[in-house]
Amino acid sequence: TFNPSFGIQYRLLENLRLHGSFGTAFSVPDAYKVAGKYEVSVYFPDWDYWWRQSYVGNADLKPEKSNTTDLGIKYAIDNALNIDLTYFTTRHTDKMVESTLESGDKTYINANKSNMNGLEINAAIDFGFLADNHFKLELYSNWTFLFNAEVEIEKEGKTLTQDMLYVRKSSGNFGLSFAKNNFSTRLNGRY
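Note that the structure is a prediction, hence the values are computed from the model and not measured.

Participant: Please provide a residue-by-residue account of the overall build of the protein, values included.
Facilitator: Within the protein one finds one helix and 13 strands. Its C-alpha atoms give the protein a radius of gyration of 23 Å, clearly above 16 Å, the size a compact globule of 191 residues would have. Each of the three principal axes of the protein carries a C-alpha extent, and together these read 70 × 45 × 30 Å. Every one of the 191 residues in the protein was classed for burial, and the buried ones make up 28%. Of the contacts formed within the protein by residues at least 6 apart in sequence, a portion of 55% connects residues at least 24 apart. Accessible surface computed for the protein: about 13100 Å², of which carbon and sulfur atoms make up 54%. Of the charged side chains in the protein, 20 are positive and 23 negative, and the gap between their average positions amounts to 3 Å.

Participant: Provide a residue-level description of a nonpolar patch on the surface, including the pertinent values.
Facilitator: Taken together, Tyr 10, Leu 12, Leu 13, Leu 18, Ile 73, Tyr 75, Ile 83 and Leu 85 make up a surface patch of nonpolar side chains, about 710 Å² in accessible area. Of all the secondary structure elements, the ones that give two or more residues to the nonpolar patch are β1 (5-13), β5 (64-77) and β6 (81-93). A per-element tally of the nonpolar patch places β1 first, with three residues. Its location among the elements puts Tyr 75 in strand β5.

Participant: Would you mind going over the packing of aromatic side chains in detail, with residue names and values included?
Facilitator: Using the criterion set out here, one finds eleven aromatic pairs in the structure. Their ring planes at 40° and their centres at 6.0 Å tell us that Phe 6 and Phe 22 sit as a pair that is tilted. Of the two residues, Phe 6 is situated in strand β1 and Phe 22 in strand β2 (residues 16-27); the sequence distance between them amounts to 16 residues. Taken together, the ring pairs connect Tyr 32, Tyr 38, Tyr 55 and Tyr 108 into an aromatic cluster.

Participant: Account for the pattern of salt bridges, naming residues and giving values.
Facilitator: Counted under the stated rule, the structure contains five salt bridges. Note that Glu 14 is salt-bridged to Arg 11, the shortest N-O span being 3.8 Å.

Participant: Tell me about the side chain of Thr 90, and please be specific about residues and values.
Facilitator: Here Thr 90 lies in strand β6. The buried category is assigned to Thr 90, whose relative accessible area is 9%. Reaching out from Thr 90, the side chain makes a polar contact with the side chain of Thr 68 at a distance of 2.8 Å. Setting aside residues up to four positions removed in sequence, Thr 90 forms contacts with Ser 66, Asn 67, Thr 68, Ser 114, Asn 115 and Met 116.

Participant: Break down the side chain of His 92 for me, with residues and values.
Facilitator: Here His 92 shows up in strand β6. Its relative accessible area of 10% is what places His 92 among the buried residues. For His 92, the contacting residues outside a window of four places in its chain are Glu 64, Lys 65, Ser 66, Lys 113, Ser 114, Met 116 and Met 164.

Participant: Explain the environment of Lys 74 to me, using residue names and the numbers behind them.
Facilitator: Turning to its location among the elements, Lys 74 is positioned in strand β5. Taking the C-alpha atoms as reference points, Lys 74 and Arg 11, separated by 63 residues in sequence, lie 9.4 Å from one another. Filtering out sequence-adjacent residues up to four positions away, Lys 74 remains in contact with Asn 15, Leu 16, Arg 17, His 19, Asn 82, Ile 83 and Asp 84.

Participant: So what about the nonpolar core? Which residues, and what values?
Facilitator: Among the nonpolar cores identified, the biggest contains ten residues, and these are Phe 88, Val 97, Ile 109, Ala 111, Met 116, Leu 146, Ala 149, Val 151, Ile 153 and Met 164. Those residues in contact with Val 97, other than ones at most four positions away along the chain, are Thr 107, Tyr 108, Ile 109, Ala 111, Val 151 and Ile 153.

Participant: Tell me about the environment of Tyr 87, and name the residues and values.
Facilitator: Of note, Tyr 87 is situated in strand β6. Residue Tyr 87 is classed as partly exposed on the basis of its relative accessible area, which comes to 36%. Measuring from C-alpha to C-alpha, the distance between Tyr 87 and Leu 119 comes to 4.5 Å, with 32 residues separating the pair along the chain. Not counting residues within four places of it along the chain, the set of residues in contact with Tyr 87 comprises Thr 69, Asp 70, Leu 71, Asn 117, Gly 118, Leu 119 and Phe 147.

Cut-off values and rules
Residues numbered from 1 in each chain as written. Predicted model: local features only at pLDDT ≥ 70, side-chain atom pairs only at ≥ 80, totals over all residues. Heavy atoms only, no water. Helix = DSSP H or I, 4+ residues; strand = E, 2+ residues; numbered from the N terminus. Rg over C-alpha atoms; globule rule 2.2 N^0.38 Å. Buried < 20%, exposed > 50% of the residue type's maximum accessible area, 1.4 Å probe, protein only. Contact = heavy atoms within 4.5 Å. Areas by Shrake-Rupley, 256 points an atom, 1.4 Å probe, with all protein chains shown as cover. Lys, Arg positive; Asp, Glu negative; His and termini not counted. Charge placed at Lys NZ, Arg CZ, Asp CG, Glu CD. Patch = residues over 30% accessible without salt bridge, like charges linked within 9 Å, V, L, I, M, F, W, Y side chains within 5 Å. Salt bridge = Lys/Arg side-chain N within 4 Å of Asp/Glu carboxyl O. Phe/Tyr/Trp six-rings, centres within 6.5 Å; stacked < 30°, edge-to-face > 60°. Polar contact = N/O pair within 3.5 Å; in protein donor to acceptor, adjacent residues only side chain to side chain. Core = buried A, V, L, I, M, F, W, Y, C linked by side-chain atoms within 4.5 Å.

Okay, structure coming up:
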């Protein structure tokens, strides 16, 4: 599989840059999605209840392909301050999604189309510049906000649009890192 990607960056001013990129991706379905039958069971002791779900592989399942385009702007001052805002959009072809068979078993099918777009915000400030960069003490944060994450499938002759499963509308991480000579440490949080 040929998966090209490229990026470009243009300096508008000394500390201000525009950037963009385009990339493709490819994902092969695992063996459980294309063959056989298996069952997932979970026991809930408080109710003395077993929940069971059967899955059936789909031999006609195609690999998933996608392409992503992003455009952004970055402001940076001598590695002391970095702020980056990036808009991205991803289009999937043959995205693999769960579907329910008439028997109640689950299987996997390829969606007609699937799109997601959003904004990434990255910011960091290094307080080491106050001490002539003899050490690094960086406060950082990275956030992703999805505006849209939908998948379109055919079901019983109708086209249905639904939100993608297992995709967060927002996520982020933040923290503080310190480095001097051969020592480094980091305190990180995730939302």
